[in-house]
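Understanding the architecture of this molecule
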Amino acid sequence: MFIGSVLCVKCFSSLKMSYAQYTAPELPPDTPRIQLRLAGDKRKHNEGRVEVFYDGEWGTVCDDDFSIHSAQVVCRELGYLEAVSWSPSSKYGKGEGRIWFDNVQCTGKEKTLALCMSNGIGVSDCKHTEDVGVVCSDKRIPGFKFINTMANNVESLNIQVEDVRIRAILSSYRKRVPVTEGYVEVKDGGKWKQICDAEWTKHNSRVICGMFGFPGERKYNARVYKKPNYWDYSVNCTGNEAHLSSCKLGHAVAAKANSTCGGGTPVVVSCVPGRAFSPTPMTGFRKAFRQEQPLVRLRGGAIVGEGRVEVLKNGEWGTICDDNWSLLSATVVCRELGFGSAKEALSGGRLGQGMGPVHMNEVKCSGFEKSVTECFFNKESLGCSHEEDAAVTCNVPAMGFQERLRLSGGRNPYEGRVEALVERNGSLVWGTVCSDGWGTMEAMVVCRQLGLGFASNAFQETWYWPGEVSADPVVMSGVRCSGTEMSLSHCLHHGAHLTCPKGGGRNAAGVSCSETAPDLVLSPQVVEQTTYMEDRPMFMLQCAYEENCLSTTSSKTPANSYRRLLRFSSQIHNNGQSDFRPKAGRHSWVWHDCHRHYHSMEVFTHYDLLSLNGTKVAEGHKASFCLEDTDCEEGIEKRYECANFGEQGITVGCWDTYRHDIDCQWIDITDIKPGDYIFQVFINPNYEVPESDYSNNLMKCRCRYDGHRIWMYSCHNGKTMMCHNL
């Protein structure tokens, strides 16, 4: 299936075409007969080094004079709707053999690269360091039909068809979501055709299943399937391809008079879904998404099956450097997490930057490893920063969730009143969602389900977004989500017995979505390095006392006595893809005398000291914050500051530091007995501002207090507690 987003090429706007149904190009008789393919170190299936087959030999194209117009001709010849971009200087690795074309100059309207102006086929002074590459759109030309101009060597061609599908045949599979078993069909020349199983292998099945979001394949009962209409070719995959288009054509298939082939039966695949996608009736599906493999996880992605790759090593989560990061390695990650093959291998910290160590660099997988941790990597390679964190987008099964929800009445497709499709009295009807208790977590699930990214706001009234009157009645109430669900129907809700005193219509739940989100992470190293204990006289704590930054027993403390304070610095990084901005407008910010500036968030952090069984024994009251850029990574300018009633927030790539010597940057431990404790900091605890990843908002440390000194150790982000002895 050729799916995904298509990027527009601004500079190609002058060559916009109305793409009609595909017709095979009629070429002048003297046109050199060539075939094209995309090869090399790919990060998605529809990109690569341009390779040309001519005169019995594969070769490349030089980047001299190459342009987006030439890329357009290449992509169209391969059956893609258009070109997205092109890359010089062997971005996809150096090719081999002849350089067939040099100084290529196309208008973009040519039917084949061989008709573009050039030095002449085989005439070049280039080296393979100048091999050109292209990125084509995911979308295919409607009605595209593969035409083989090669009498021999057909097996060296990549597969080029309009579309691929698994068509369920048995009634038991047609009713399942997702579809896991059926005929493999390719769309060629506008017609769906089955593939002869004469040369079909389990490697081919593995690739097909991966394309449709399934990590594995299994045997099926061949006796229940009937004879079909065959495609002209067999398929030859190695098994580690991420997409059918990367497989090679097999031998041409000669159909017999009775519509059978050499094997006599059509190809059927039976795929094994990941645990989160196991087939089940829609009404009985109640699972939130959970990773299946504890050694690897994805973070920072807007949709299921997307995120920055993080691996667990020596008890600490870290990232993978994008050096040599490929579709092959990304596919290993996707399969081990219960998804299919990788749709794209992302680089350059595209889905946010991680924290902690970079555990792996120059990863090279064969494609058959059970885990990316089994792949070869360069243990000696140093110097990778989190700006090079690798990420993936995986193929996931088509669950149909997107069709059961819509946004209505908004000014753009990313906002509106939430309307759900539910069954009522045997019919499917659209209706609203009750807004009682509606918040960020619920909005996150809606935006993910609709493929619109992250939530930017959750609304409890939507009178300004009038939807269809027929959809005003409430069809869901009591919705409570953990934030990890794939569909709003998987969240806790009241079921058939609705309760919504405010009613739907103008009081229905609404959301606005965004393609990017911030991601705040507290530095555990800074906390560990700056912690100390101070005995401070009560007469120096009057401002802090008035702002409730001391424990309740301080109200009985004489002015000449002391309070014992556990002090530390907080350094909060924004590792996401957009700035962290307070939800409250400037008009509602509160002036704080202690700090001599306005606080834009009244509940921004919770500081707590817990017993080892999790009971709260002391509480810090540094809840509110003024948000500003204290410092930034090299090349990033500060945008926010607290002084002079300035704009507040934390820029991507910057951090806000509250030093240990600022009032209220402490926990009052005056009444605490000596012993072992857990110290924790929770950022944005009420989820007031949406983030791409809330799992790293909590930081915990082990803490030992002997009555005279205090130690903080084993500080880390996340909910689990590291078990180390002092």
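Residues numbered from 1 in each chain as written. Predicted model: local features only at pLDDT ≥ 70, side-chain atom pairs only at ≥ 80, totals over all residues. Heavy atoms only, no water.

Where we set the bar: UniProt positions are given in the numbering used here, feature names are shortened, and annotations may be inferred rather than shown by experiment.
Under the annotation held in an unreviewed UniProt entry, the chain carries the name Lysyl oxidase homolog and is attributed to Oncorhynchus mykiss. Here the chain is described in UniProt, under the heading Cofactor (unreviewed entry), as follows: "Cu cation".

**Quick notes on the packing of aromatic side chains**
Applicable threshold: The pairing test for Phe, Tyr and Trp rings, Trp by its six-membered ring, is centres within 6.5 Å, and the orientation test on the planes gives stacked under 30 degrees, edge-to-face over 60, and tilted for anything in between. In our convention, an over-ring charge means Lys NZ or Arg CZ found within 6 Å of a ring centre and within 35 degrees of that ring's normal.
One pass over the full model with this rule turns up 15 aromatic pairs. Put simply, the rings of F459, W463, Y464 and W465 pair up and form one aromatic cluster. Above the plane of the ring of W430 lies R406, whose end atom (NZ or CZ) is 4.1 Å from the centre.

**Observations regarding the sheet that holds strand β35 (residues 654–658)**
The test is simple: Any two strands are treated as partners once DSSP identifies two or more bridges connecting them. The numbering of helices and of strands both runs from the N terminus, where a helix is a DSSP run of H or I of at least 4 residues and a strand a run of E of at least 2.
If you walk across this open sheet you meet the four strands as β26-β29-β35-β34, and the pairing is antiparallel. Since the sheet does not close on itself, it has two edges, and those belong to β26 (520–522) and β34 (631–632), each with one partner. Examined bridge by bridge, β34 and β35 share two bridges and lie antiparallel to one another. Paired with C632 across the two strands is C654, which belongs to β35.

**Remarks on the environment of E369**
In plain terms, the rule: Every residue pair with non-hydrogen atoms within 4.5 Å of one another is taken to be in contact. Any pair of N or O atoms that falls within 3.5 Å is considered a polar contact. Within protein, one atom must be able to donate a hydrogen and the other to accept it, and sequence-neighbouring residues count only if both atoms are side-chain atoms.
Looking at the secondary structure, you find E369 in the loop between β18 (358–360) and β19 (391–394). For the pair formed by E369 and R335, sequence separation is 34 residues and the distance between their alpha carbons is 9.4 Å. Those residues in contact with E369 that lie beyond four places of it in its chain are V332, E374 and C375. Within the structure, E369 has its side chain in polar contact with the backbone nitrogen of S366 (distance 2.8 Å). In this structure the side chain of E369 is engaged in a polar contact, spanning 3.0 Å, whose partner is the backbone nitrogen of G367.

**Notes on the sheet that holds strand β37 (residues 675–683)**
Put simply, the rule is: To get an axis, fit a line to the C-alpha atoms, keeping to the stretch in contact for a helix; angles then go from 0 to 180 degrees between the N-to-C directions.
In space, the five strands of this open sheet follow the order β33-β32-β37-β38-β39, with antiparallel pairing throughout. Among the strands making up the open sheet, the edge pair consists of β33 (616–620) and β39 (710–717). If you compare each strand with its neighbour and ignore which way they point, the axes differ by 20° on average.

**Examining the confidence of the model for the chain**
The following threshold applies: The quantity known as pLDDT measures the predictor's confidence residue by residue, on a range of 0 to 100.
A residue-level look at the chain finds 89% of positions with pLDDT of 70 or above and a mean pLDDT of 86. Low confidence marks residues 281–289, where pLDDT is under 50. Its contacts with residues over four positions away, or in another chain, come to 25 contacts.

**Structural notes on unusual backbone geometry**
Applied cut-off: Using a 1.4 Å probe on the protein chains alone, a residue whose accessible area is under 20% of its type maximum counts as buried, one over 50% counts as exposed, and one in between counts as partly exposed.
With an omega of 0°, the peptide bond running from V177 to P178 counts as cis. Here P178 shows up in the loop between α2 (171–174) and β8 (181–188). Positive phi values are uncommon outside glycine, yet N103 reaches one of about 50°. Among the structural elements, N103 can be located in the loop between β5 (99–101) and β6 (133–136). Although it is not a glycine, C664 adopts a positive phi angle of roughly 75°. Position of C664 among the secondary structure elements: in the loop between β35 and β36 (666–668). Classification of C664 by relative accessible area gives buried; the value is 2%.

**Some details on empty space enclosed by the protein**
In plain terms, the rule: Only protein atoms enter the 1 Å grid, on which a cavity is a set of points fitting a 1.4 Å probe that cannot get out and a pocket is an open set with protein on both sides within 12 Å along at least 5 of 7 lines, lining residues being those with an atom within 4 Å of a point. Grid points are joined across faces, edges and corners, and a volume is the space filled by probe spheres set on the points. When residue character is reported, Ala, Val, Leu, Ile, Met, Phe, Trp, Tyr, Cys and Pro are called nonpolar, Asp, Glu, Lys and Arg charged, and the others, Gly included, polar.
The full count for this structure, using the stated rule, is one cavity of 30 Å³ or more. Roughly 90 Å³ of internal volume is contained in the largest cavity. Each residue belonging to the lining of the largest cavity can be placed in one class, and the counts come to six nonpolar, four polar and three charged.

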